[in-house]
Amino acid sequence: MGLDALAAACCVLPVLISLLAVRLVYVLWRSGQPSSGSPTAGLRCLIVLGSVGLLGGHTAEMMNIITAVQKDRFTPRYYVAALTDNMSLQKAQVYEQSLIQSGEETIKNAHFMQIYRSREVGQSYITSIATTLLATLHAMWLVIRIRPQVIFCNGPGTCFPLCVSAFILKVLGLGWSSIFYIESIARVKKLSLSGLLLYKLRIADQFFVQWPQLQQQYPRAYCAGRLM
């Protein structure tokens, strides 16, 4: 009986691997294609926030982008920041509260969440292996829970495990997220590590940079011009 089960497993495993390979090719081909859904329908939107620096950092850039999108189309909105980032979600909450006060939105359209950080500044690479694994598992749980249809991110390390988790769900056929990556304006000559990984692995559906010389180095990227 044990030998029969082992033989059956040996037959099934290559089939599963082949199906996953075909699905992966399809996802890579389908990514970036126009959506067949209704353009006016509300889309669950995951917005990844980053650090807040002297000039605002990733969060200021992302909030600047979010103010320009159609609020009725990208709703509900789920803002995610690192667990140790105490300022980014506050900025998002202030912005969403301003929409409520102006009568544009209701509180149900905005949700605020935190995620474990893959690697803290100055953390050794050895210890970051465990924290990265923990962050990835947490990211997978969040993505499964939210099932975002659109993801906006612009370079903080927090975005990578979230985008990878969304991509894995695509390959497994458990959900479809269109990932929009907008590289930070601070990246003039080279991509950030998050951007480089998402570009090389073809995880992002649409990849934008803000400087023409950067677009020349990465031809699959679109030059959006300065957004700040």
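The numbering scheme is per chain: residues are counted from 1 as the chain's sequence reads. Confidence filtering applies because this is a predicted model: local features only for residues at pLDDT of at least 70, side-chain atom pairs given and counted only at 80 or more, and all residues used for totals across whole chains, interfaces and linings. Water and hydrogen atoms were dropped before computing side-chain values, which therefore reflect all heavy atoms in the structure.

Chemist: Please clarify how the packing of aromatic side chains should be interpreted in this entry.
Modeler: Any pair of aromatic rings gets described here by the distance separating the centres and the angle formed by the planes. Paired rings are identified among Phe, Tyr and Trp, the last through its six-membered ring, by centres lying within 6.5 Å, and are further divided according to the angle between planes into stacked (under 30 degrees), edge-to-face (over 60) and tilted (the rest). Summed over the entire model, instances satisfying the criterion amount to nine aromatic pairs. Ring plane angle 10 degrees and centroid distance 5.5 Å describe the contact between Y79 and F112, whose orientation is recorded as stacked. Of this pair, Y79 sits in strand β2 (residues 77–82) while F112 is found in strand β3 (residues 110–115), placing the two residues 33 residues apart along the sequence. Taken together, Y181, Y199, F207 and Y218 form an aromatic cluster joined through their ring pairs. By definition here, charges over rings are those cases where NZ of Lys or CZ of Arg is within 6 Å of the ring centre and within 35 degrees of the ring normal. Between the NZ or CZ atom of R30 and the centre of the ring of W176, over which it lies, the distance is 5.9 Å. Secondary structure elements follow DSSP: runs of H or I no shorter than four residues count as helices, runs of E no shorter than two count as strands, and numbering proceeds from the N terminus.

Chemist: How do you make sense of the sheet that holds strand β6 (residues 206–209) when you look at a structure like this?
Modeler: Through backbone hydrogen bonds, the strands of a sheet pair up, either in parallel or in antiparallel fashion. Strand pairing is defined by DSSP finding a minimum of two bridges between the two strands. A sheet is described by the order of its strands in space; here seven strands give the open sequence β3-β2-β1-β4-β5-β6-β7, paired in parallel fashion. For this open sheet the edge positions go to β3 and β7 (222–223), each flanked by a neighbour on one side alone. Pairs of residues are marked as contacts when any of their non-hydrogen atoms sit within 4.5 Å. Simply put, an axis is a line fit to the C-alpha atoms, just over the touching stretch for a helix, and the angle between two N-to-C directions goes from 0 to 180 degrees. Helix α6 (residues 193–200) contacts β4 (150–153), β5 (178–182) and β6 of the sheet and is inclined by roughly 135 degrees relative to β5.

Chemist: Please explain the UniProt feature "transmembrane region" (unreviewed entry) in the protein chain as it appears in this structure.
Modeler: UniProt positions are given in the numbering used here, feature names are shortened, and annotations may be inferred rather than shown by experiment. Per the UniProt annotation, the sites labelled "transmembrane region" (unreviewed entry) are residues 6–29, 125–144 and 164–182. Each end of residues 164–182 is marked by a C-alpha atom, and these two atoms are 16 Å apart; helix forms 47% of the span and strand 26%.

Chemist: Teacher, can you tell me more about the pairing of strand β1 (residues 45–48) here?
Modeler: Side-chain direction in a regular strand flips from residue to residue, so the side chains alternate between the two faces of the sheet. Exposure categories follow from relative accessible area, calculated using a 1.4 Å probe and restricted to protein chains: below 20% of the type maximum is buried, above 50% is exposed, and the middle band is partly exposed. The alternating pattern of β1 places C45 and I47 and L46 and V48 on opposite faces, both of which are buried. Sheet topology places β1 next to β2; four bridges connect them, and they run parallel. Considered in β2, the bridge of C45 is made with R77.

Chemist: Honestly, the nonpolar core in this entry has me stumped. Any pointers?
Modeler: Generally speaking, nonpolar side chains in soluble globular proteins are found buried as a group. Here, the term nonpolar core denotes a set of buried Ala, Val, Leu, Ile, Met, Phe, Trp, Tyr and Cys residues that are joined through side-chain atoms within 4.5 Å. Residues C153, L162, I179 and F207 are the most contacted members of the largest nonpolar core, which totals 32 residues. In contact with C153, not counting residues within four places along its chain, are V48, M62, C159, C163, I179, F180, Y181, I182 and L198.

Chemist: In this structure, what is going on with the environment of W141? I would like to understand it.
Modeler: Topologically, W141 is positioned in helix α4 (residues 125–146). Here W141 falls in the partly exposed class, since its relative accessible area comes to 46%. Between the alpha carbons of W141 and S165 there is a distance of 8.6 Å; along the sequence they are 24 residues apart.

Chemist: Would you mind showing me how to read helix α5 (residues 159–172) here?
Modeler: An α-helical turn contains 3.6 residues, so a residue and the one three or four places further along point in the same direction. Helix length check: α5 (14 residues) gives 20 Å between terminal C-alpha atoms against 20 Å at 1.5 Å per residue, within 8%. Counting buried residues along α5, ten of its 14 residues qualify, which places the element largely inside the surrounding structure. Within α5 the residues assigned to the buried category are C159, P161, L162, C163, S165, A166, F167, L169, K170 and V171. Immediately beyond the C-terminal end of α5, within one or two residues, lies G173, with a positive phi of roughly 75 degrees. By definition here, a helix of n residues has an expected span of 1.5 Å times n minus one.

Chemist: Where do I start with the environment of C159 in this structure?
Modeler: Checked against the element boundaries, C159 lands in helix α5. Residues in contact with C159, not counting those within four places in the same chain, are V48, C153, Y181, S194 and L198.

Chemist: Mind showing me how you'd approach the packing of helix α2 (residues 57–66) against helix α3 (residues 88–101) here?
Modeler: Two quantities define a packed helix pair, namely the angle between the helix axes and the distance between the axes. At a closest axis distance of 10 Å, the pairing of α2 and α3 adopts a crossing angle of 20 degrees. Taken as axis vectors, α2 and α3 run roughly parallel relative to one another. Taken as a pair, α2 and α3 cross one another with a handedness that is right-handed. Of the residues in α3, those in contact with T59, M63 and I66 of α2 are S88, K91, A92 and Y95. In terms of residue class, the contact of α2 with α3 is made up of four nonpolar, two polar and one charged. What sets the label is the angle itself: under 35 degrees gives roughly parallel, over 145 gives roughly antiparallel, 65 to 115 gives roughly perpendicular, and the rest give oblique. Put simply, a crossing is left-handed when the front helix is turned counterclockwise from the back one by less than a right angle, and right-handed when it is turned clockwise. Charged residues are taken to be Asp, Glu, Lys and Arg, nonpolar residues to be Ala, Val, Leu, Ile, Met, Phe, Trp, Tyr, Cys and Pro, and polar residues to be all remaining types, Gly included.

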